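Residues per chain are reported as follows:
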Amino acid sequence: MAVALEQLPSALWARRLLLAAVLLVTFSVALGQFVLALACVPLAYWVWRARPAPPPLLIPALLFLAIAWLTLAFNTARPDFSRITKLLWFVALPAAAWLLRDERDLRALLWAFALGCAVLALRTLIMVPLGAWKLLRAAPDYAQNFPHALTLQGSMPDGQMLMLGLVATLGLLLIRRAERRPAGLVLALLLLQIAGFIMNLKRGSWIVALLLLVIFVLLKLSWKHTLVIALVVIGALCLPPVRARLTTLERDFNPAVGGRATMWLHVAPALIKAHPWGLGYRQLTNEKMRAVAPNVERDRDHLHNNALTVLVETGWAGLAAYLFWMGWALVDAVRRWRAAQPVSEAAAVAALVLLLMFAGLLLNGVVEYNFGTSRLMIAAGVIMGAGVLGRVAKPA
């Protein structure tokens, strides 16, 4: 007979370690991976004892995984299997689906993102200016001035992780307000993350975060919160590094520069035509892109877009499986949000935040390749798994 989740200490330890892994992976991929691997030990014991039903979302996930392996094995003369092991970190998906099932678990997940991203924000506020100062001294010809040096220190994974942290922390703030509980700590975490988010100077994450905040405004926030958000945005636009960063947006849409437009309009079509069944998962290299467009950015092995990179590497079959997987996960998150609304305001907010976090990753994936970054793959796996509709009940 199957054993309930609450009846085995192994499940409780697996849940604790999973949440710890989420907290740690926000600012350290090595620590996050290590603790997630530890979580798999009690999780495997619980699965053996409890025999839980696999979450349905595993169907498209395993389909994509199978296609990724096949394209790597059959479409590549000398396949590099070391890079496909990144997909194993999607073990976070079934782990979260089994272990994070009610509003209490979702709230704990939001706290993990909020606390971890506060650490990441603090590190960003220290290391980005320090790195810019060192770069300006070491390579004055490369870094034109200090604001320009700051833009060279920003990190795409950090920007997206801070975007997730902002949404999670804002959700906690709304939950505290709904429950009429003090929110001083949450507000402090939010302000710290905003400062780090601005300092990271990643435009794609800024734009996605702003879109998500607009949704929050329409669905949950009062006019006072809207005014605060507007003041923060206006204040950020007054900062010289922010204005300088935004003025370079037009370069991304110039095919002659070698950035996103070059990759999307020249590199991707040529590689898709030459390899309709895919190059092989994670086999795209800068050399292969430069063979099509010599002016393309150096040191890039992706196309700054999830769908295009998946299509080039795994072919049309891989793209179909990827879209099937992401669409299924999005529908699951919407269903969980709708099911949580009659339970309580806190449950509805937690489920909405989960939905917006996943939507944020999808939107960022339009202008960045976040499907091949270990930190974001773990975060995405947990968010997708937690979005699987399980128990939606008030915490005990």
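What you see is a predicted model; the values in this text were computed from it and never measured. The written sequence of each chain sets the order in which its residues are numbered from 1. Local features are withheld for residues below a pLDDT of 70 in this predicted model, meaning they are given only at 70 or higher, and side-chain atom pairs are given and counted only at 80 or more; totals for whole chains, interfaces and linings count all residues. Side-chain numbers come from the whole structure's heavy atoms, not from hydrogens or water.

### Digging into the overall build of the protein chain
Heads up, the rule is: By the criteria applied, helices consist of DSSP H or I runs no shorter than four residues and strands consist of E runs no shorter than two, each listed in order from the N terminus. Only protein chains enter the accessibility calculation, which uses a 1.4 Å probe; a residue is then buried when its area is under 20% of its type maximum, exposed when over 50%, and partly exposed in between. In this description, contact between two residues means that some pair of their heavy atoms is separated by no more than 4.5 Å.
When its secondary structure is counted, the protein chain shows 16 helices and zero strands. The 396 residues of the protein chain split such that 52% are buried. In the protein chain, 76% of the contacts between residues at least 6 apart in sequence involve partners at least 24 apart.

### What to know about the side chain of Arg 290
To be explicit about the condition: Counted as positive: Lys and Arg. Counted as negative: Asp and Glu. His and the chain ends are not counted at all. Note on definitions: salt bridges are taken to be side-chain nitrogens of Lys or Arg within 4 Å of carboxyl oxygens of Asp or Glu. N or O atoms within 3.5 Å of each other form a polar contact, as long as, within protein, one can give a hydrogen and the other can take it, and as long as residues adjacent in sequence are counted only when both atoms are side-chain atoms.
Along the polypeptide, Arg 290 turns up in helix α13 (residues 286–292). Within the buried core, Arg 290 has no salt-bridge partner, and the shortest N-O distance to an opposite charge, that of Glu 287, equals 7.4 Å. Separated by 2.6 Å, the side chain of Arg 290 and the backbone oxygen of Val 296 make a polar contact. In this view, Arg 290 contacts Asn 295, Val 296, Glu 297 and Arg 298; residues no more than four positions away in its chain are not counted.

### Describing the pattern of salt bridges
Counting across every chain of the model gives 12 salt bridges. A salt bridge links Arg 260 to Glu 368; the shortest N-O distance between them is 2.6 Å. Within this pair, whereas Arg 260 is found in helix α12 (residues 260–274), its partner Glu 368 is found in the loop between α15 (345–364) and α16 (374–386), the two being separated by 108 residues in sequence. You can call Glu 368 buried: its relative accessible area is 10%. Linking Arg 335 and Asp 332 is a salt bridge whose minimum nitrogen-to-oxygen distance equals 3.7 Å. One end of the pair is Arg 335 and the other is Asp 332, both in helix α14 (residues 306–340) and three residues apart, which spans about a single turn. Sharing partners across several salt bridges, the network here consists of Glu 103, Arg 107, Glu 179 and Arg 181.

### As for a nonpolar patch on the surface
For clarity, the cut-off: In this scheme, patches are assembled from residues that exceed 30% relative accessible area and form no salt bridge. Like charges are connected within 9 Å, while nonpolar side chains (Val, Leu, Ile, Met, Phe, Trp, Tyr) are connected within 5 Å. Note on areas: Shrake-Rupley with a 1.4 Å probe; residue coverage comes only from the protein chains shown.
A contiguous nonpolar patch, built from Leu 122, Ile 126, Met 127, Leu 130, Trp 133 and Phe 146 and spanning about 560 Å² of accessible area, is present on the exposed surface. Element by element, the count of residues in the nonpolar patch is highest for helix α5 (residues 103–138), at five residues. Structurally, Leu 130 is set in helix α5.

### A look at the confidence of the model for the protein chain
We apply this condition: On a scale of 0 to 100, pLDDT captures the predictor's confidence in every residue.
Looking at the protein chain as a whole, the pLDDT averages 86, with 89% of positions reaching at least 70. Here residues 391–396 is modelled with pLDDT under 50, and outside its nearest four sequence neighbours on either side it reaches 16 contacts, counting other chains as well.

### What to know about α15
Counted only if it meets this: To estimate how far a helix should extend, the number of its residues minus one is multiplied by 1.5 Å.
With 20 residues, α15 extends 28 Å between its outermost C-alpha atoms, agreeing within 8% with the 28 Å of an ideal straight helix rising 1.5 Å per residue. Counting buried positions along α15 yields 17 of 20 residues, so the element is predominantly enclosed.

### A few points about the environment of Ile 67
Relative to the elements of secondary structure, Ile 67 occurs in helix α3 (residues 58–74). Distance from Ile 67 to Leu 319, taken between C-alpha atoms, is 9.6 Å for residues 252 residues apart in sequence. When neighbours within four sequence positions are excluded, Ile 67 is seen to be in contact with Thr 314, Ala 317, Gly 318 and Ala 321.

### Focus: the packing of aromatic side chains
Filter applied, for reference: Whether two aromatic rings pair depends on their centres lying within 6.5 Å, for rings of Phe, Tyr and Trp, where Trp uses its six-membered ring; planes under 30 degrees apart make the pair stacked, over 60 edge-to-face, and the rest tilted. We call a charge positioned above a ring when the Lys NZ or Arg CZ atom is no farther than 6 Å from the ring centre and deviates by at most 35 degrees from the ring normal.
The final tally for this structure, using the stated rule, is 11 aromatic pairs. Each ring, one from Tyr 45 and one from Trp 48, has its centre 5.8 Å from the other, and the planes form 50 degrees; the classification is tilted. With Tyr 45 and Trp 48 both in helix α2 (residues 29–50) and three residues apart, the pair spans about one turn of that helix. Judged by its relative accessible area of 61%, Trp 48 is exposed. On the numbers, 6.2 Å between centres and 70 degrees between planes, the contact of Trp 46 with Trp 98 is edge-to-face. Taken as a pair, Trp 46 in helix α2 and Trp 98 in helix α4 (residues 92–99) lie far apart in primary sequence, 52 residues in all. Given the relative accessible area of 16%, Trp 98 is considered buried. Aromatic rings pair up to connect Phe 64, Phe 90, Tyr 281, Tyr 322, Trp 325 and Phe 371 into one cluster. If you follow Arg 16 out to its NZ or CZ, it ends over the ring of Trp 13, 5.0 Å from the centre.

### A closer look at the nonpolar core
The line we're drawing: What makes a nonpolar core is a set of buried Ala, Val, Leu, Ile, Met, Phe, Trp, Tyr and Cys residues whose side-chain atoms join them at distances within 4.5 Å.
Core analysis: the largest hydrophobic core is formed by 117 residues, its most contacted members being Phe 64, Phe 113, Trp 325 and Met 384. Counting residues per element, this core draws most heavily on helix α7 (residues 156–178), which supplies 13 residues. With residues up to four places along the chain from it excluded, the contact list for Phe 113 reads Val 22, Thr 26, Met 161, Leu 164, Gly 165, Ala 168, Met 357, Ala 379 and Ile 383.

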